[in-house]
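Geometric and topological summary
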Amino acid sequence: MWAAKKPLIIDTDGYMSGGAAIAYKTELVNISRPDLIILLEKDDELSYFRVFASRGVKVVRVDAQNQITKTTPIRQQHRQNLFKQYFSAAKTYPLPFSNVCIERSSIGHGTLISPSAVAGAIGTRVLAAWRYGTTISAITIGSARIPIAKLTAILGVSDLTLFPISDFQNLLVSCISSDGLRSAIGVIKTIDSTKEPAIIYLHTPFPVEEELASASTPAASTPSPPSVPLSFNKIVIQLGSIRIREDGTHEATR
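Being a predicted model, the structure only gives us computed values, none of them experimental. (Residues numbered from 1 in each chain as written. Predicted model: local features only at pLDDT ≥ 70, side-chain atom pairs only at ≥ 80, totals over all residues. Heavy atoms only, no water.)

This part takes up unusual backbone geometry. In most cases, non-glycine residues show a negative phi, while peptide bonds are predominantly trans. Residue arginine 104 is not a glycine yet carries a positive backbone phi of 60°. Examined against the element boundaries, arginine 104 turns out to sit in the loop between strand S4 (100-103) and strand S5 (111-113). For arginine 104, a relative accessible area of 73% gives the class exposed. For asparagine 170, which is not glycine, the phi torsion reads 60° and is therefore positive. Secondary-structure assignment places asparagine 170 in the loop between strand S8 (159-164) and strand S9 (171-176). (Helix = DSSP H or I, 4+ residues; strand = E, 2+ residues; numbered from the N terminus. Buried < 20%, exposed > 50% of the residue type's maximum accessible area, 1.4 Å probe, protein only.)

Quick look at the structure:
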């Protein structure tokens, strides 16, 4: 079992209430195997987490009654400043859509189907479409002209998910290197659908090697040290739910 060479502090998020939160934090403890857990609580809302003392983990409670409350505008301004600082040295990289693998989304998974077949049914241009079981997912240039319920019957599927290309503009994403060891965040500036294949313009402060951005170089068999540029062979991204502009202003997509 590995152990940290230096003292390591993991500042967890505030998602603590409910069964899902308890399960999530329990697995975090199982994975990280901490020597000490510090509970910042006002009353006894974190009492469950004292169970880890039975495993030999030292559990300490700290009274958080006098904590400073940050208002929503203060939090938003703080995030804006951090986003602006993080992306201040960012560059924009053109990535062929065929080189991008999207996780946590139905986009790009299943069997690639003819865009024209879907476009004819929904009444707008389709960039790409995939069938997964009885589901079709498609990236569209415009909006469907027919209700989704009617389209599913026309296409013979149980579910149809359409992603207008405008939904990706300025979208925050997580980027994972091909070795799986390093990650960064970025912003999809836009998708150029006039190219073949379509080009995703990824804005990130981490340098993406140009030859890998164009998929001309295979992934290295040995993971590179964290100090070198992120190497992407088939770049993996996870879509976020925040849009970020260059000045750091942002809003939730849903």
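A surface patch of nonpolar side chains, amounting to about 360 Å² of accessible area, comprises Leu36, Ile38, Leu40 and Val62. Of all the elements, strand S1 (residues 36-41) adds the most residues to the nonpolar patch, at 3 residues. Of note, leucine 36 is situated in strand S1. (Patch = residues over 30% accessible without salt bridge, like charges linked within 9 Å, V, L, I, M, F, W, Y side chains within 5 Å. Areas by Shrake-Rupley, 256 points an atom, 1.4 Å probe, with all protein chains shown as cover. Salt bridge = Lys/Arg side-chain N within 4 Å of Asp/Glu carboxyl O.)

The next thing to look at is the packing of aromatic side chains. If you walk through the whole model with that rule in mind, you get 6 aromatic pairs. Relative to phenylalanine 87, the ring of tyrosine 86 lies with its centre 5.1 Å away and its plane at 80°, an arrangement referred to as edge-to-face. For tyrosine 86, a relative accessible area of 30% gives the class partly exposed. Residue phenylalanine 87 is classed as buried on the basis of its relative accessible area of 11%. By way of ring pairs, the aromatic residues Tyr48, Phe49 and Phe52 are connected into one cluster. (Phe/Tyr/Trp six-rings, centres within 6.5 Å; stacked < 30°, edge-to-face > 60°.)

Keep in mind these values describe shape, not function.
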